[in-house]
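Each chain, letter by letter, is given below.
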Protein chains: 2
Amino acid sequence: MITVHGFAASGNCWKVAQILRSTGRAFDWVEVDSNAGGTRTAEFLAMNPNAKIPVVVLDDGQVITESGAILCHFAEGTDWLPAAGLARTRVLEWLFFEQYSHEPYIAVARNVIAYQKAKAANAERLAQCWTRGAAALDVMERRLATHPWLTDSGATIADLALFAYTHVAEEGAFDLTRWPGIQAWIARLAALPGIVIIEGPTK
Amino acid sequence: MITVHGFAASGNCWKVAQILRSTGRAFDWVEVDSNAGGTRTAEFLAMNPNAKIPVVVLDDGQVITESGAILCHFAEGTDWLPAAGLARTRVLEWLFFEQYSHEPYIAVARNVIAYQKAKAANAERLAQCWTRGAAALDVMERRLATHPWLTDSGATIADLALFAYTHVAEEGAFDLTRWPGIQAWIARLAALPGIVIIEGPTK
């Protein structure tokens, strides 16, 4: 059985659970609270020296880290990841965009406000998150205002990766009514069979 | 002809030039200084709304962004990227690690110190870069102390991606003598045929 070590409210961990559900794989879940030091134990660091969730342990004991790599691993050979060529590259562009230009602002704002409940102590950091996170949402809106999915290959792991923190961005005080194309895309993706949205603290 | 829009001193742009050289593709280079607003012009934003270099324009006018995606695109079908399966996933893990846990600290420290020449005005930011950058180098050292390359597949785009900013990390005031496995790996990769190292401002 595949085991996922993750935090249920984490978008990065949601990606892993969702691609496993969407590709019909059973898995066990071990809850790890990274805000409470759960990724800093000797046992956890032996799995992932980078001290980050999610971590996947395969049947044979092999460990896989990095949510983007995990998405690709389990999507390979399915409609969630096109075969090699420009169609696959388009998916990878969004996966890297998410980790570099989106998650560090949208996920962090949410974590500070909704989980650490430390809004007042992080005013400057949150201001940066809101500016840069809005810029990332603008880039997504530019595509989604006129297209149903992030790439021309239908719903792929690019959509799962960006959905993870975008559909709960309001917990980080982003007002999604500013981005109607994104709102429609969230509803479209959430309506696909087998999609399970994150139940955050404010829902 | 492939055209690369990039900044010659940027590690992210170096990755693109290097995989094109290493896979025998000719390309034109258009120099863009992101520190001087070169990615904020209307012409540039029409290519990449995310306002980031590198940007690749293929023969047919198709645009590819995100250095990790570009590495995968041109490495496909070569020894630089293993075929699908766990060997490929190992490469992707390092590509995402680089963009999330390494580049935001090691590249940023170098840019602030060596290019923006704004060390004094960024003391707090640099302190965070040095702490988190050192943690990323520790993760690399853990592997490279006992292995020649980052994955078991020989030199791959994982090594190119991490080499980009690691081999010039001293320009960001990281003392690489702390990480002897990394130093040996830098020398090993630089000695491969066709590798061209970055000529930075302090070299």
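Residues numbered from 1 in each chain as written. Chains lettered and ligands numbered in written order. Predicted model: local features only at pLDDT ≥ 70, side-chain atom pairs only at ≥ 80, totals over all residues. Heavy atoms only, no water.

## Some points on the interface of chain B and chain A
Opposite the 34 residues of chain B that make contact, chain A presents 34 residues. Ranking the residues of chain B by area buried against chain A places Glu93, Phe96 and Tyr100 of chain B at the top, with a combined share of 23%. Here chain B and chain A share zero salt bridges between them. Our enumeration of links across chain B and chain A arrives at 12 residue pairs in polar contact (both at pLDDT 80 or more). Elements supplying a minimum of two residues to the side of chain B that touches chain A: helix H2 (42–47), strand E4 (63–65), helix H3 (67–75), helix H4 (86–115) and helix H5 (123–144) of chain B. Per-element tally for the side of chain B that touches chain A: the top contributor is H4 of chain B, with 14 residues. Of the residues that constitute the side of chain B that touches chain A, the class distribution is 17 nonpolar, nine polar and eight charged. (Contact = heavy atoms within 4.5 Å. Buried area = accessible area lost by both parts, 1.4 Å probe. Salt bridge = Lys/Arg side-chain N within 4 Å of Asp/Glu carboxyl O. Polar contact = N/O pair within 3.5 Å; in protein donor to acceptor, adjacent residues only side chain to side chain. Helix = DSSP H or I, 4+ residues; strand = E, 2+ residues; numbered from the N terminus. Nonpolar A, V, L, I, M, F, W, Y, C, P; charged D, E, K, R; others polar.)

## Some details on the relation of the copies chain B and chain A
The two copies are related by a screw motion: chain B maps onto chain A through a turn of 180° and a shift of 0.0 Å along the axis, at an RMSD of 0.0 Å. The superposition of one copy onto the other is thereby described by a two-fold rotation axis. Relative to the rotation axis, the closest C-alpha in chain B is found at Tyr100 of chain B, a distance of 3.1 Å. (Least-squares fit on C-alpha atoms with pLDDT ≥ 70 in both.)

## Quick notes on the sheet that holds strand E2 (residues 27–31) of chain A
Residue and element names in this part refer to chain A. Read across the open sheet, the four strands follow the order E2-E1-E3-E4; overall the sheet is mixed. Edge positions in the sheet fall to E2 and strand E4 (63–65), since each of these pairs with one other strand and no more. Neighbour to neighbour, the strand axes of the sheet diverge by 20° on average, direction disregarded. Sheet topology places strand E1 (residues 2–6) next to E2; five bridges connect them, and they run parallel. Bridge assignment links Thr3 to a residue of E2, and that residue is Asp28. Relative to E4, helix H3 (residues 67–75) is tilted by about 120°, and along the sheet it contacts E1, strand E3 (55–57) and E4. (Pairing = 2+ DSSP bridges. Axes fitted to C-alpha atoms, helices over the stretch in contact; angles between N-to-C directions.)

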